[in-house]
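# Inside the fold
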Amino acid sequence: MNVPLNEIPWGAIAPILVLQLILMITALVSCIREEKTNGPKWLWILFILFISLIGPVLYFVFGRRNN
Amino acid sequence: MTQWTVLYRKEMTEMVRNYKILWIPIVFILLGVMQPVSSYYMPEILDTFGDLPEGTILEMPLPTGAEVLMQVLSNYGMLGVLILVLSAMGVVSSERQSGVAGMVMIKPVPYSSYILSKWAGLLTITLISLFIGYVASWYYTSLLIETVAFERIFQSVVIYSIWLVFVVTLTLFFSTIMKGNASVAFVTILVIFSISSVTSILGKNMTWSPAKMPEHTGQVLLSGELESGFLLALITTIAIIIVVLLSSIQIFKQKELLE
């Protein structure tokens, strides 16, 4: 990407990044505190960390055991 | 009534505990906000990542505010519905499997209170997510593209919320009559998808269909006026919601609580 940093419209982008960060941290906290997840835990952590938005959502929908 | 309140409060604490009260609204906000941002910056995005040959001139009309918001609602109609159904699929079925429903129903709790508290919990999370997400999207649209009158936003979100209530009520119904979570989600999405596609194919003959609600929403956003068929669609949608709720209660009464 060759856009200079100061030309990125931070006012519009920052809230989106912050929300994604909150989503990621919540998913991470939930995943670590969970005793057992559906499927290996370390894989979910990688999912949550590296696939933004979709990773945490997938974890919340499929990773948690419903009880 | 007090029993209902207790059950409803249990429902809400559960949503706090499994973070639903946090992540579903955030996802709705992100879905709503990304649409105006990406339509505003589309030329730059294409410029940077599109790998177009030097000197290509792209004429892209900026969509109007109402069009962007219609796009947002259609995203809610796809991804939002998917997320709502998937997060609500176990609402009764998994409680029955884990025995929690049995433990609740041992006490003299009316079956209707149990189902209605579940329903109210689902409505709370759905409406909160829709309203917050939509208002965020409206804010971004008026910031980046153009201001859309707040009345239209309000009217359209109220009409759209009826459609989402319909979707969530169906999820609750299938969660009551079926066992597995996955099959609940599958059947609900299949039913919603069929209603929508049959309605869009036979549009003229199905003015009463609940799936007309999203269409009416778009109409209100664009012109500020309701089409003539709206009242009919509204009445059938509400009637179906009530019938589905009542039959969920009846079926729940007759089911074995422990499977």
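The structure displayed is predicted, hence computed values, not measured ones.

Reading guide: rules and limits
- Residues numbered from 1 in each chain as written.
- Chains lettered and ligands numbered in written order.
- Predicted model: local features only at pLDDT ≥ 70, side-chain atom pairs only at ≥ 80, totals over all residues.
- Heavy atoms only, no water.
- UniProt positions renumbered as here; feature names shortened; annotations may be inferred.
- Helix = DSSP H or I, 4+ residues; strand = E, 2+ residues; numbered from the N terminus.
- Contact = heavy atoms within 4.5 Å.
- Buried area = accessible area lost by both parts, 1.4 Å probe.
- Salt bridge = Lys/Arg side-chain N within 4 Å of Asp/Glu carboxyl O.
- Polar contact = N/O pair within 3.5 Å; in protein donor to acceptor, adjacent residues only side chain to side chain.
- Nonpolar A, V, L, I, M, F, W, Y, C, P; charged D, E, K, R; others polar.
- Buried < 20%, exposed > 50% of the residue type's maximum accessible area, 1.4 Å probe, protein only.
- Axes fitted to C-alpha atoms, helices over the stretch in contact; angles between N-to-C directions.
- Left-handed = near helix turned anticlockwise from the far one by under 90°.
- Expected span 1.5 Å × (residues − 1).
- Parallel < 35°, antiparallel > 145°, perpendicular 65-115°, else oblique.

## Considering the UniProt feature "transmembrane region" (unreviewed entry) in chain B
UniProt records the feature "transmembrane region" (unreviewed entry) for residues 21–42, 76–94, 115–141, 153–175, 182–203 and 230–252 of chain B in the present numbering. Secondary structure content for residues 230–252 of chain B is 100% helix and 0% strand, while the C-alpha to C-alpha distance between its ends is 33 Å.

## Thoughts on the interface of chain B and chain A
Contacts between the two partners involve 20 residues from chain B, matched on the other side by 24 residues from chain A. Interface of chain B and chain A: buried area, both sides summed, is about 1900 Å²; carbon and sulfur atoms make up 81% of it. Contact with chain A buries surface across chain B, with B:Y19, B:W23 and B:L30 losing the most and accounting together for 30% of the total. At the junction of chain B and chain A, the tally comes to zero salt bridges. Remark: the boundary between chain B and chain A carries one residue pair in polar contact (both at pLDDT 80 or more). Sorting the residues of the side of chain B that touches chain A by element identifies α2 (20–40), α3 (42–49) and α4 (65–88) of chain B as the ones contributing at least two each. Per-class residue counts for the side of chain B that touches chain A are 15 nonpolar, four polar and one charged.

## Observations regarding unusual backbone geometry
If you check the backbone angles, A:L53 has positive phi at about 65 degrees while not being a glycine. Position of A:L53 among the secondary structure elements: in the loop between α2 (41–50) and α3 (54–63). A positive phi angle, near 65 degrees, is found at B:Y19, a position not held by glycine. For B:Y19, the location among the structural elements is in the loop between α1 (2–17) and α2. By relative accessible area, which is 17% here, B:Y19 ends up buried.

## Section: the packing of helix α7 (residues 111–144) of chain B against helix α8 (residues 150–177) of chain B
All names here are of chain B. Closest axis-to-axis distance for the α7/α8 pair is 9 Å, and the angle between their directions is 145 degrees. Considering only the axes of α7 and α8, their crossing is right-handed. For the pair formed by α7 and α8, the contact residues are I115, K118, W119, L122, L123, T126, L127, L130, F131, Y134 and W138 on the first element and F150, I153, S156, V157, Y160, S161, L164, V165, V168, T169, L172 and T176 on the second. Residues of the contact of α7 with α8, tallied by class, amount to 17 nonpolar, five polar and one charged.

## Some thoughts on the side chain of B:E11
Here B:E11 is to be found in helix α1. Here B:E11 is in contact with B:V91, B:S117, B:K118 and B:G121, once residues within four sequence places are set aside.

## Points about helix α10 (residues 212–223) of chain B
Residues and elements named next belong to chain B. In this model, α10 (twelve residues) spans 16 Å end to end at C-alpha, consistent with the 16 Å of a helix rising 1.5 Å per residue. When α10 is considered as a whole, its buried residues turn out to be K212, M213, H216, T217, G218, V220 and L221. Buried residues along α10 sit in contact with α4, α7, α8, α9 (181–201) and α11 (230–254). Once α10 ends, the next one or two residues include G224, with phi positive near 80 degrees.

## Side note on the UniProt feature "domain: Cardiolipin synthase N-terminal" (unreviewed entry) in chain A
With numbering aligned to this structure, UniProt lists the feature "domain: Cardiolipin synthase N-terminal" (unreviewed entry) at residues 22–64 of chain A. What you have in residues 22–64 of chain A is 74% helix and 0% strand, and the ends, taken at the C-alpha atoms, are 18 Å apart.

## Remarks on the packing of α4(B) against α8(B)
Residue and element names in this part refer to chain B. It is at 10 Å that the axes of α4 and α8 come closest, and there the two elements cross at 25 degrees. Relative to α8, α4 is oriented roughly parallel. Crossing of α4 over α8 shows right-handed handedness. Here L69, L73, Y76, G77, V81, L84, V85 and A88 of α4 lie close against α8, whose contacting residues are I153, Y160, L164, V167 and T171.

## Some points on the environment of B:P108
All names here are of chain B. Tracing the backbone through its elements, the reader meets P108 in the loop between α6 (100–106) and α7. P108 gets classed as exposed once you look at its relative accessible area, which sits at 71%. A C-alpha to C-alpha distance of 9.5 Å links P108 and Q3, two positions 105 residues apart in sequence.

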